[in-house]
Amino acid sequence: MTSKTEQLRERMRARMAEALAESDALRALGAARDLRALLYEWEGVLARKSVDEGASWEEVGALLGVSRQAAWTRYREPSAETPAIREARERIAKARSKK
């Protein structure tokens, strides 16, 4: 694995530890939110690696419970943008275009 991948792993471990150990619920919630974004990024790393190793986007999508097109759209390129962030950005752009 690359050092960038190792850095991502370390960031996930740190945020997981903080989310589990934090006694302040609000701070633990913030750590859990950060961990969710890191896990989304990690899922993309693994999806692209699976395809590089010979898996099809159809197989990746089936494993994740989405179509091959959805898997390809979400993970073909590295991105830290979660689906929720992307959807919100698209809703805002659509609302602005209607004005």
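Residues numbered from 1 in each chain as written. Predicted model: local features only at pLDDT ≥ 70, side-chain atom pairs only at ≥ 80, totals over all residues. Heavy atoms only, no water.

1. What about the environment of Pro78?
Along the chain, Pro78 turns up in the loop between helix 4 (68–75) and helix 5 (83–98). Given a relative accessible area of 65%, Pro78 falls into the exposed group. In this structure the C-alpha to C-alpha distance between Pro78 and Ala37, which are 41 residues apart in sequence, comes to 13 Å. (Helix = DSSP H or I, 4+ residues; strand = E, 2+ residues; numbered from the N terminus. Buried < 20%, exposed > 50% of the residue type's maximum accessible area, 1.4 Å probe, protein only.)

2. What about the packing of helix 1 (residues 3–21) against helix 2 (residues 25–52)?
Close contact between helix 1 and helix 2 brings their axes to 8 Å; oriented N to C, the two are set at 150°. Taken as axis vectors, helix 1 and helix 2 run roughly antiparallel relative to one another. Between helix 1 and helix 2 lies a crossing whose hand is left-handed. Counted together, Thr5, Leu8, Arg9, Arg11, Met12, Arg15, Met16, Glu18 and Ala19 of helix 1 and Arg27, Ala28, Gly30, Ala31, Ala32, Asp34, Leu35, Leu38, Leu39, Glu41, Trp42 and Val45 of helix 2 form the full contact between these two elements. Residue classes in the contact of helix 1 with helix 2 are distributed as twelve nonpolar, two polar and seven charged. (Axes fitted to C-alpha atoms, helices over the stretch in contact; angles between N-to-C directions. Parallel < 35°, antiparallel > 145°, perpendicular 65-115°, else oblique. Left-handed = near helix turned anticlockwise from the far one by under 90°. Contact = heavy atoms within 4.5 Å. Nonpolar A, V, L, I, M, F, W, Y, C, P; charged D, E, K, R; others polar.)

3. Quick look at the packing of aromatic side chains
Here the structure, examined in full by the defined rule, presents one aromatic pair. Aromatic side chains Tyr40 and Tyr75 sit 5.6 Å apart centroid to centroid with 40° between the ring planes, which places their arrangement in the tilted category. With Tyr40 in helix 2 and Tyr75 in helix 4, this residue pair connects regions lying 35 residues apart in the sequence. Sitting over the face of the ring of Trp72, Arg76 holds its NZ or CZ atom 4.3 Å from the ring centroid. (Phe/Tyr/Trp six-rings, centres within 6.5 Å; stacked < 30°, edge-to-face > 60°. Lys NZ or Arg CZ within 6 Å of the ring centre and 35° of its normal.)

Purely spatial values, then, with no claim about function.
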